Amino acid sequence: MADVSGKLRIWDTTQKEHLLKYEYQPFAGKIKDLAWTEDSKRIAVVGEGREKFGAVFLWDSGSSVGEITGHNKVINSVDMKQTRPYRLATGSDDNCAAFFEGPPFKFKFTLSDHTRFVNCVRFSPDGNRFATASADGQIFVYDGKTGEKVCALGGGKAHDGGIYAISWSPDSSQLLSASGDKTAKIWDVGANSIVNTFNMGSNVLDQQLGCLWQKDHLLTISLSGYINYLDKNNPNKPLRVIKGHSKSIQCLTVHKNGGKSYIYSGSNDGHINYWDSETGENDGFSGKGHTNQVSRMAVDEMDQLVTCSMDDTVRYTNLSKRDYSGQDAVKMDVQPKCLAVGPGGYTVVLCIGQIVLMKDKKKCFAIDDLGYEPEAVAIHPTGSTAAVGGADGNVHLYSIQGTSLKSDDKTLEAKGPVTDLAYSHDGAFLAVCDANKVVTVFSVADGYAEHNVFYGHHAKVVCIAWSPDNEHFASGGMDMMVYVWTVSDPETRVKIPDAHRLHHVSGLAWLDEHTLVTTSHDASVKEWSISYN
């Protein structure tokens with residue numbers, strides 16, 4: 001595996017636990033492609049180095065087995081012939097491909113047939129041919145042993161747009177190509193003819209950026225991030241499309257619909273996905289939705305997903321239809337950042353410097369001169385009280401009365417600026433997390449007296465969620481940690497370290513008493529089984 005920092009890591013896959021065996025830094029800069037020889041001994045890597053753009057070395061010692069020269073710009077692609085005598089080919093932003101013989105691999109000659117960036121080079125599995133694909137829409141096929149040009153697929157242009165990837169069939173007779181013209185094609189290389197054209201759509205996001213022919217499976221990847229399983233017998237409809245988020249996820253919630261539990265997640269490009277919690281199958285809503293980051297979401301008692309976004313709207317989306325409709329978007333005067341729903345059709349929305357009360361999808365009341373910046377809101381299960389957490393380190397309580405919101409003139413002290421808060425499902429407790437790494441739980445029946453304080457996070461706590469059992473709650477922090485706490489005993493806790501390794505947890509929700517869902521800016525959603533010993 002290789003990454004943008006120029007690191008290459010090799011893991012052992014023969015054991016149950018994949019151990020990291022070696023780590024190399026072949027050059028300083030992003031690695032764009034790598035290839036192995038068929039005996040798994042030599043690796044070639046290419047990319048955006050400073051003084052060199054590629055390297056070829058032994059996997060277990062890192063010692064060089066040749067030089068990758070001949071290009072004066074970033075190398076995008078590399079491949080090695082899988083039969084002896086070994087050959088190596090590269091493709092670069094200098095509009096050229098290069099051919100090498102070895103080992104040790106030495107530059108033999110440049111192939112300058114393309115007029116734009118060369119994006120992909122691939123040898124056929126039998127080693128008889130290799131192909132190059134370019135932003136000029138052309139694919140050239142060469143002899144695998146000598147590097148002599150055999151033909152251009154399609155005679156002239158193979159696609160109407162740039163070609164980003166190619167992949168050979170296991171029997172070396174056909175080639176799959178993926179293009180910015182939103183199509184993928186299968187070529188019969190010997191006859192130089194098109195076998196299939198797959199039309200992947202008309203949207204910009206339907207451009208095809210990658211492809212793989214693995215045994216009987218034909219896969220492409222779209223600019224949207226969707227992975228498509230192509231159907232040779234029906235080129236206009238993929239067998240299966242694997243979807244998900246390609247941008248960081250900001251919030252999530254869960255909801256039972258027709259006996260099934262679904263997870264809803266919203267990302268910073270305005271995209272909302274729903275996931276079947278058992279199978280992981282997921283899809284987006286249809287129609288035109290939010291145009292900017294989805295900041296918060298909740299499901300109300302009418303089975304509507306209520307979302308607020310940086311596009312200055314609050315949306316109500318019917319969860320049985322799952323399509324956006326224009327009339328269900330309510331424009332806010334100031335950008336909304338958090339919301340909570342309560343019984344009776346109420347929604348409390350926090351905007352920058354403002355609290356808005358909505359009833360039945362209409363704005364009915366607003367408080368502007370708060371004297372503090374509101375950050376998080378929760379509504380008591382009875383629907384009578386809204387608790388608003390402020391950057392001033394306090395929780396401010398308000399009564400919901402008809403179509404107005406009245407301050408109770410009561411504040412609860414947190415240990416730092418409030419980042420999130422939540423009432424337990426039975427309404428007995430209010431849990432508040434803050435920027436000073438602390439979670440404070442208040443007892444509602446005792447006039448919001450402080451019940452317990454929970455320490456453990458090493459950085460700002462950003463999200464909180466109650467288990468349906470009302471005895472446990474989970475918190476997620478900037479320290480990448482998730483803790484599951486027991487209300488009655490701050491010392492008893494379940495710790496999930498590195499819940500999302502590269503980014504902090506941005507949202508939490510419980511599917512049931514023993515299943516916690518987490519999401520993060522790493523664009524993934526994870527389910528955890530929680531057990532208390």
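All figures in this text were calculated on a predicted structure; none of them were measured in a lab.

The rules we used
Residues numbered from 1 in each chain as written. Predicted model: local features only at pLDDT ≥ 70, side-chain atom pairs only at ≥ 80, totals over all residues. Heavy atoms only, no water. Helix = DSSP H or I, 4+ residues; strand = E, 2+ residues; numbered from the N terminus. Buried < 20%, exposed > 50% of the residue type's maximum accessible area, 1.4 Å probe, protein only. Contact = heavy atoms within 4.5 Å. 1 Å grid on protein atoms, 1.4 Å probe; cavity = no way out; pocket = protein on both sides within 12 Å on 5 of 7 lines; lining within 4 Å. Points joined across faces, edges and corners; volume = space filled by probe spheres on them. Nonpolar A, V, L, I, M, F, W, Y, C, P; charged D, E, K, R; others polar. Pairing = 2+ DSSP bridges. Axes fitted to C-alpha atoms, helices over the stretch in contact; angles between N-to-C directions. Core = buried A, V, L, I, M, F, W, Y, C linked by side-chain atoms within 4.5 Å. Salt bridge = Lys/Arg side-chain N within 4 Å of Asp/Glu carboxyl O. UniProt positions renumbered as here; feature names shortened; annotations may be inferred.

Observations concerning the environment of A298
For step 1, the next point in the chain: Along the polypeptide, A298 turns up in strand β26 (residues 294–299).
For step 2, the next point in the chain: You can call A298 buried: its relative accessible area is 13%.
For step 3, the next point in the chain: Taking C-alpha positions, A298 is 27 Å from N452, a pair spaced 154 residues apart along the chain.
For step 4, the next point in the chain: Residues in contact with A298, not counting those within four places in the same chain, are T253, Q304, L305, V306, L339 and V341.

Remarks on the layout of surface pockets
For step 1, the next point in the chain: Approximately 670 Å³ is the volume found for the second largest pocket.
For step 2, the next point in the chain: Each residue belonging to the lining of the second largest pocket can be placed in one class, and the counts come to six nonpolar, 14 polar and six charged.

Focus on the sheet that holds strand β12 (residues 139–143)
For step 1, the next point in the chain: In spatial order, the strands read β10-β11-β12-β13; together these four strands make up an open sheet with antiparallel pairing. With partners counted over all chains shown, the strands left at the sheet margins are β10 (118–123) and β13 (149–152), one partner each. Strand-to-strand, the axes of this sheet are offset by a mean angle of 20 degrees, without reference to chain direction.
For step 2, the next point in the chain: Here three bridges tie β12 to β13, and the two strands are oriented antiparallel to one another. Bridged to V141 within β13 is C151.

A look at the nonpolar core
For step 1, the next point in the chain: Membership of the largest hydrophobic core comes to 17 residues, with the highest contact counts inside it found for V348, I355, V377, V388, Y398, I400 and L405.
For step 2, the next point in the chain: Where this core is concerned, the elements lending two or more residues are β30 (336–342), β31 (346–351), β32 (354–359), β34 (374–379), β35 (385–390) and β36 (394–401).
For step 3, the next point in the chain: It is β31 that contributes the most residues to this core, three residues altogether.
For step 4, the next point in the chain: Apart from residues lying up to four places away in sequence, V348 is in contact with C338, L339, A340, I355, V356, L357, V377, I379, A386 and I400.

Notes on the pattern of salt bridges
For step 1, the next point in the chain: Counted under the stated rule, the structure contains 20 salt bridges.
For step 2, the next point in the chain: Across the pair K108 and E101 runs a salt bridge, and its minimum N-O distance is 3.8 Å.
For step 3, the next point in the chain: Look at E101 and you get partly exposed, because its relative accessible area is 27%.
For step 4, the next point in the chain: Among the ionic pairs, R129 bridges to D143, the shortest N-O distance being 3.9 Å. Remark: D143 occurs in strand β12 and R129 occurs in strand β11 (residues 129–134); sequence separation between them is 14 residues.
For step 5, the next point in the chain: On the basis of relative accessible area, D143 is assigned to the partly exposed category, the value being 23%.

Side note on the UniProt feature "repeat: WD" (unreviewed entry) in the protein chain
For step 1, the next point in the chain: Feature annotation in UniProt places "repeat: WD" (unreviewed entry) on residues 111–152, 156–197, 242–281 and 454–495, given in this structure's numbering.
For step 2, the next point in the chain: Between the end C-alpha atoms of residues 156–197 the distance is 17 Å, and the span holds 0% helix and 55% strand.
For step 3, the next point in the chain: Structurally, residues 454–495 is divided into 0% helix and 62% strand, and its ends, taken at the C-alpha atoms, are 13 Å apart.

Overview of the environment of Y229
For step 1, the next point in the chain: Looking at where Y229 falls in the secondary structure, it is placed in strand β20 (residues 227–229).
For step 2, the next point in the chain: For Y229 and P381, which are 152 residues apart along the polypeptide, the C-alpha to C-alpha distance reads 45 Å.

Overview of the sheet that holds strand β40 (residues 438–443)
For step 1, the next point in the chain: Taking strand neighbours across the sheet as the criterion, the four strands line up as β38-β39-β40-β41 in an open arrangement whose pairing is antiparallel. Among the strands making up the open sheet, the edge pair consists of β38 (418–423) and β41 (449–455). Across the sheet, the mean angle separating the axes of adjacent strands is 20 degrees when strand polarity is ignored.
For step 2, the next point in the chain: As paired strands, β38 and strand β39 (residues 429–434) are joined by five bridges and run antiparallel to one another. In the sheet register, D420 faces β39, and the bridge partner there is C433.

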